Structure formats: structure tokens, C-alpha cells
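Examining the three-dimensional arrangement
The chain contents come next:
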Amino acid sequence: MFSRILTSALFAGAAAGLIAALLQLVFVQPVLLHAELYESGELVHFGAEAVSAHPELPGMFSELTRDALSVIFTMLTYTGYALVMVALMSVAEGQGHTIDGRTGVLWGLAGFVAFHLAPGFTLAPEVPGVAAADVYARQVWWFATVAAALVALWLIAFGGNLISYLIAAALLMAPHLIGAPEPDVFTGPVPTEIGALFAARAFGIGLVAWVLVGAFAGYFWQTEGKRAAATA
């Protein structure tokens, strides 16, 4: 069982992480590099002269070490996510639920909701240079929100009764009713248009990555199960 979990998670996480990393290099990194120009003061928003919205930015893999490390880190991150997902898939299968590539898509959507949409509903992805509250307080709120969302989604999927659904709804709403830590004042040199584009692309690529993790995890879990049954 452990070998099946590990193999499925490694393949699923590495494949989804690689695709996500490449998408980030194409769509997210240019936005971050653009924001860094304002953070460093090289570009000034609302200055004496109008600033082009399309400055010359380094191309993809122009900083090979930085980009390669980003790819590796993303692959490792999604492999970790896949390990958790496949372990939970094994529990669900033990309870009689079907796990394959198609149902894996639903697992991936649940992962996106828990790790991206639920915390991002109040604490959106941010570009460098924007005002932010204390990092530790934000991390505590983020982890609590993700944990609450994971429990809520499990209750929605496998609870099967009204009480479970009501508890799930309360868990999903509670962190946002309490509210995330906010800065005392709003400051920052980066135009809001860049921040909005970064948040939109971060959510979009997060959705793609999680759907791929779920689909790959379900597929490899089913494939490894068939292979194990054939050799038994």
C-alpha cells in the first residue's frame, strides 16, 4: 500500500508540478518582474511622466538558475500535495468509493478550493511591494483557513447528512467572518492593475495545477492498483 501511494504521488506531483511551473514562468513571472520594477523604484506610478505599461522584461530562462530552482521547488511542492491527496484517496477507496482519473478531477477541484480559493477569498495573492500585515499572523490565519476548508470539503463529500453540511458551511465561512490580518495603512508603489493581473493568473494556474494533480493522482492510483492485482 505504501509503495502504491508513494509511486502514484511522485508521478502525479512531478508531472503536474512541471506543467504548473512552466505556466508560471510564461504567465506569472513576467507580472512579478514588472512589479519588481516599481518596488525597486526603477518605475514610478503616477510620476511626472507617463510610464509604459509594457516595459522590456527579461525573457523566460534568462536567469537560468533562478528559473530552474523555481521549477524544482514547484515540482516538490505539488509532489507533497499529491502525497496528501493520494493518502486520502486510499482512505476513500477503502470506504468503497471509486478512484480514477475522472473522479480525480473532483479531488483536484477540492484541493484548489481548500488551498487557493478559500484563503484567497479574503487574503488574495499579492505582488511584491504592497502593504501587508504581520507575516506570522497571516500564516496562522492561512493555515487555519486551509484546515477548516479541508475538513468542510471532506464533510460535504462523505458526510451524507444535513448536520455534516451545516458544519461544513460554518467551517467555510468562519475564517472570513473573523477576517484575515490587515495592514494598518494601505501603501505600495505597484499599480493595482498589476496586482489584479497577478491574482487572476495565480488563481488560474492554481486551478489548472490542482485539476492536473487530481487527474494524475487518480489515474496513477488506479493504474498501480491494476498492476499490483495482476502481479499478486
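Residues numbered from 1 in each chain as written. Predicted model: local features only at pLDDT ≥ 70, side-chain atom pairs only at ≥ 80, totals over all residues. Heavy atoms only, no water.

Under an unreviewed UniProt entry, the name given to the protein chain is Putative cobalt transporter subunit (CbtA), and the organism recorded is Ruegeria meonggei.

1. Description of the overall build of the protein chain
Within the protein chain one finds 6 helices and 0 strands. Of the regular secondary structure in the protein chain, the N- to C-terminal order runs α-α-α-α-α-α. The principal-axis extent of the C-alpha atoms belonging to the protein chain is close to 75 × 45 × 25 Å. Residue burial in the protein chain is summarised as follows: out of 232 residues, 34% are buried. A sequence separation of at least 24 residues applies to 80% of the contacts in the protein chain between residues at least 6 apart. In the form shown here, the protein chain has an accessible surface area of approximately 13000 Å², with 70% of it arising from carbon and sulfur atoms. (Helix = DSSP H or I, 4+ residues; strand = E, 2+ residues; numbered from the N terminus. Buried < 20%, exposed > 50% of the residue type's maximum accessible area, 1.4 Å probe, protein only. Contact = heavy atoms within 4.5 Å. Areas by Shrake-Rupley, 256 points an atom, 1.4 Å probe, with all protein chains shown as cover.)

2. So, helix α2 (residues 64-94)
Between its first and last C-alpha atoms α2 spans 45 Å; for 31 residues at 1.5 Å apiece the expected length is 45 Å, and the two agree. When we look at burial in α2, the residues that qualify are D67, V71, T74, Y78, T79, A82, M85, V86, M89, S90 and A92. Turning to α2, the residues buried within the fold contact α1 (2-39), α3 (101-120), α4 (135-158) and α6 (192-231). Count one or two residues on from α2 and you reach G96, which has phi positive near 100 degrees. (Expected span 1.5 Å × (residues − 1).)

3. A few points about the UniProt feature "transmembrane region" (unreviewed entry) in the protein chain
As annotated by UniProt and renumbered to match this structure, "transmembrane region" (unreviewed entry) occupies residues 68-92, 104-124, 136-155, 162-178 and 198-221. End C-alpha atoms of residues 104-124 are separated by 26 Å, and the span's content is 81% helix alongside 0% strand. Taken end to end, residues 162-178 is 100% helix and 0% strand, and its two terminal C-alpha atoms sit 24 Å from one another. (UniProt positions renumbered as here; feature names shortened; annotations may be inferred.)

4. Comments concerning the environment of V208
In this fold, V208 is placed in helix α6. Residues V208 and P189 lie 19 residues apart in sequence; the distance between their C-alpha atoms is 30 Å.

5. Here's the deal with the side chain of R138
For R138, the location among the structural elements is in helix α4. Within the structure, R138 has its side chain in polar contact with the side chain of E126 (distance 3.3 Å). R138 has contacts with L123, E126, A132, A133 and P181, leaving out every residue within four places of it along the chain. (Polar contact = N/O pair within 3.5 Å; in protein donor to acceptor, adjacent residues only side chain to side chain.)

6. Concerning a nonpolar patch on the surface
Taken together, the side chains of I156, L162, I163, Y165, L166 and I167 define a hydrophobic patch exposed on the protein surface, amounting to about 590 Å² of accessible area. Here L162 falls in the exposed class, since its relative accessible area comes to 58%. (Patch = residues over 30% accessible without salt bridge, like charges linked within 9 Å, V, L, I, M, F, W, Y side chains within 5 Å. Salt bridge = Lys/Arg side-chain N within 4 Å of Asp/Glu carboxyl O.)

7. What to know about the packing of α2 against α3
Two elements in contact, α2 and α3, have axes whose closest approach is 11 Å; the angle formed by their N-to-C orientations is 125 degrees. Relative to α3, the element α2 is oriented oblique. When you trace α2 past α3, the crossing you get is right-handed. Along its contact with α2, which presents Y78, Y81, M85, L88, M89 and A92, the element α3 presents G104, W107, G108, F115 and H116. Among the residues forming the contact of α2 with α3, the class breakdown is 8 nonpolar, 3 polar and no charged. (Axes fitted to C-alpha atoms, helices over the stretch in contact; angles between N-to-C directions. Parallel < 35°, antiparallel > 145°, perpendicular 65-115°, else oblique. Left-handed = near helix turned anticlockwise from the far one by under 90°. Nonpolar A, V, L, I, M, F, W, Y, C, P; charged D, E, K, R; others polar.)

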